[in-house]
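So the chains spell out like this:
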There are 2 protein chains.
Amino acid sequence: MQTSLLEKLIDELQCLPGVGPKTAQRMAYNLLQHKRQAGIDLAATLNKVMVEVGQCQSCRNYTENDLCDICLNPRREQQNLLCVVETVSDLAAVENSGQYSGRYFVLHGTLSPIDGIGPSELGLSELESLMSQGGVEEVILALNPSVEGEATSHYIADICKSNNVAITRIAHGIPVGGELEMVDTSTISHALMGRKQF
Amino acid sequence: MQTSLLEKLIDELQCLPGVGPKTAQRMAYNLLQHKRQAGIDLAATLNKVMVEVGQCQSCRNYTENDLCDICLNPRREQQNLLCVVETVSDLAAVENSGQYSGRYFVLHGTLSPIDGIGPSELGLSELESLMSQGGVEEVILALNPSVEGEATSHYIADICKSNNVAITRIAHGIPVGGELEMVDTSTISHALMGRKQF
């Protein structure tokens, strides 16, 4: 059928999320047939990223340098705001909205004692030292409304209070463009509780 | 948002078939978060395959050696049969059926003069020299029933006739497990024309 080296590639491609044997086979043949140079470039970049990219020493965003582009950017206007997110994907989502120009802090997870994830795994002492250094006036929590997310939010709120930093949370409610009848009951009760003067 | 190196990876991952910006981002973050070593291994194998894997000198199957495992395997019983397929994926599909133990010949395409794909791009002279060397008693055509597939089948049939080699084609008909009402009309007419004594 296929050669052993090719079999190895088809096997290893399945470490990518959402890629099974059929997709992996299609990827391997497609690259071999049409895009050898793209495959070679991809291999080089992939290796470089896996070896060189670490976490920003200030906000734990991914970067190949000591500090990430966001922390290094002096043009971001709201330097006194700090948005706490669970993952780098969440950071990217907030950043893509174009509505925020403050700093971030990436937890890379939520508190989950049963999985051995405590405050130190989430870098919460680094977060506290950021606050105690001053310059942070408001922490904006942008965690998911799961049980672990809520627990983590409360833990961070306690840190903020002991450092006299204001704390807010992004609004939960009906998604813009969402139809009311399609929205789950929990979201609707959040939307009702968070109603505003019209 | 993300670092420039990471952006480059997310960009290059999109050379894989079926991978868009969102999937590429998910793949990159997933590897960074959980599977750095798997990512490094994948990069090494991908580079090795892109650089080393070429075509088998006999059947044009992918291999990192001069001849592929199928051509080198002396245990395959039907050495006098030669199955002609369009792609290596088709070869894998026939091989996975477990019903065939002859040799293969991979065209890597079909005749398509408008795209500049003629007999030499499909290796048809290599196919003819395989036949003239002897040892091939029957050529089995396993091409897709498209216009180009039909044209290519007829071209190969002519080569077989001039070399006195028997030529057959795999049966078209109702897929096993397929429901008659779901099958397209062209397949039903093929199935009727190809009816057999019960």
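Residues numbered from 1 in each chain as written. Chains lettered and ligands numbered in written order. Predicted model: local features only at pLDDT ≥ 70, side-chain atom pairs only at ≥ 80, totals over all residues. Heavy atoms only, no water.

Caption draft 1: The interface of chain B and chain A, seen in detail. With 54 residues of chain B at the interface, the matching set in chain A holds 54 residues. Between chain B and chain A, the buried area comes to about 5,200 Å², and carbon and sulfur atoms account for 68% of it. Taken together, chain B and chain A are joined by 0 salt bridges. At the level of elements, α1 (4–13), α2 (21–34), α3 (36–52), β2 (62–63), α4 (69–72) and α5 (88–96) of chain B are the ones that each hand at least two residues to the side of chain B that touches chain A. Considering every element that reaches the side of chain B that touches chain A, the biggest residue donor is α3(B), with 15 residues. Residue composition of the side of chain B that touches chain A, by class: 27 nonpolar, 16 polar and 11 charged. (Contact = heavy atoms within 4.5 Å. Buried area = accessible area lost by both parts, 1.4 Å probe. Salt bridge = Lys/Arg side-chain N within 4 Å of Asp/Glu carboxyl O. Helix = DSSP H or I, 4+ residues; strand = E, 2+ residues; numbered from the N terminus. Nonpolar A, V, L, I, M, F, W, Y, C, P; charged D, E, K, R; others polar.)

Caption draft 2: Structural context of the UniProt feature "zinc finger region: C4-type" (unreviewed entry) in chain A. UniProt's feature table lists "zinc finger region: C4-type" (unreviewed entry) at residues 56–71 of chain A, given in the numbering used throughout. The span residues 56–71 of chain A shows a helical share of 19% and a strand share of 12%, and its end C-alpha atoms are spaced 8 Å apart. (UniProt positions renumbered as here; feature names shortened; annotations may be inferred.)

Caption draft 3: How the structure looks around the environment of B:V88. Mapped onto the secondary structure, B:V88 falls in helix α5. Not counting residues within four places of it along the chain, the set of residues in contact with B:V88 comprises A:Y29, B:N61, B:Y62, B:V106 and B:H108.

Caption draft 4: Fine view of the UniProt feature "domain: Toprim" (unreviewed entry) in chain A. Sites flagged by UniProt as "domain: Toprim" (unreviewed entry) map to residues 80–175 of chain A. For residues 80–175 of chain A, the end-to-end C-alpha separation is 28 Å, with 35% helix and 20% strand making up the annotated structure.

Caption draft 5: Broad picture of the nonpolar core. Core analysis: the biggest nonpolar cluster contains 74 residues, and A:L13, A:L16, A:V49, B:L13, B:L16 and B:V49 have the highest contact counts within it. With residues up to four places along the chain from it excluded, the contact list for B:V49 reads A:L5, A:L6, A:L9, A:L32 and A:R36. (Core = buried A, V, L, I, M, F, W, Y, C linked by side-chain atoms within 4.5 Å. Buried < 20%, exposed > 50% of the residue type's maximum accessible area, 1.4 Å probe, protein only.)

Caption draft 6: Up close: the pairing of strand β6 (residues 166–169) of chain B. Residue and element names in this part refer to chain B. Where strand β5 (residues 138–141) and β6 come together, 4 bridges link them in parallel fashion. By the bridge assignment for β6, I140 is matched with T168. A crossover connection joins β5 to the parallel β6 through helix α7 (residues 147–162); in handedness this β-α-β unit is right-handed. (Pairing = 2+ DSSP bridges. Right-handed = clockwise from strand over helix to strand, strands pointing away.)

Caption draft 7: Up close: the relation of the copies chain B and chain A. In the superposition of chain B on chain A (RMSD 0.0 Å, axial shift 0.0 Å), the rotation amounts to 180 degrees. These values place the two chain copies in the arrangement generated by a two-fold rotation axis. Nearest to the rotation axis, the C-alpha of B:A43 is located 2.1 Å from it, this being the minimum over chain B. Comparing contact sets, 100% of the residues at the interface of chain B also lie at the interface in chain A, consistent with an isologous, same-surface contact. (Least-squares fit on C-alpha atoms with pLDDT ≥ 70 in both.)

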